[in-house]
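# Survey of secondary and tertiary structure
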Amino acid sequence: MDQLSAALPSAEGGIRSADVARTPSSAGSLTVTVTVTADGLDPAGREVRTDTLERILEVTADNAADMRVTTLHLYADDEEGSDVSFTDAAADLRLQKSLNGDSLTLVAEEWTSFAEG
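Residues numbered from 1 in each chain as written. Predicted model: local features only at pLDDT ≥ 70, side-chain atom pairs only at ≥ 80, totals over all residues. Heavy atoms only, no water.

## Observations concerning the packing of helix α1 (residues 2–10) against helix α2 (residues 50–63)
Under the convention used in this document: Angles run from 0 to 180 degrees between N-to-C directions of axes, and those axes are lines fitted to C-alpha atoms, restricted for helices to the stretch in contact. The numbering of helices and of strands both runs from the N terminus, where a helix is a DSSP run of H or I of at least 4 residues and a strand a run of E of at least 2. Orientation labels follow simple angle bins: below 35 degrees gives roughly parallel, above 145 gives roughly antiparallel, 65 to 115 gives roughly perpendicular, and whatever is left gives oblique. Throughout, a crossing is termed right-handed when the near helix is turned clockwise from the far one, and left-handed when it is turned anticlockwise from it by less than a right angle. Any two residues whose heavy atoms approach within 4.5 Å at even a single point are treated as in contact. In this classification, Asp, Glu, Lys and Arg are treated as charged, Ala, Val, Leu, Ile, Met, Phe, Trp, Tyr, Cys and Pro as nonpolar, and every other residue, Gly included, as polar.
Packing of α1 against α2 brings their axes to within 10 Å, and their N-to-C directions diverge by 150°. Here α1 lies roughly antiparallel to α2, going by the angle between them. Crossing geometry of α1 relative to α2 is assigned as right-handed. Taken together, the residues of α2 that come into contact with α1 (itself represented by Gln3, Leu4, Ala7 and Leu8) are Ile56, Val59, Thr60 and Asn63. Taken together, the residues that form the contact of α1 with α2 break down as five nonpolar, three polar and no charged.

## Description of the side chain of Asp77
Positionally, Asp77 belongs in strand β3 (residues 71–78). Ignoring anything within four residues of it in the chain, the contact list for Asp77 reads Thr33, Val34, Thr35, Val36, Ser82, Asp83 and Val84.

Written as structure tokens, this is what we have:
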């Protein structure tokens, strides 16, 4: 998990930091909360850009491959700590069914397909 926490900000996709944790209540779940810089947000600052979400999914899939994760819970905050949404980016990537308010909940088949391999 530490490797993934370090890899996300290193990905140069508008991600300042990442907090990664196993979800204790459900086996195989991983919760990732990213802090997104202005470069990773839309001009209004309320939505994660599509390329930023795509990069988050790529890095997460690449780094969590051997963690036996079945579900990914993904949250995003701006640099002031306010929640930001994945709504438009999820629609662009055809993941809108995985939206849960401003967050995304993805099963392995949905997010591991983004691995760069």
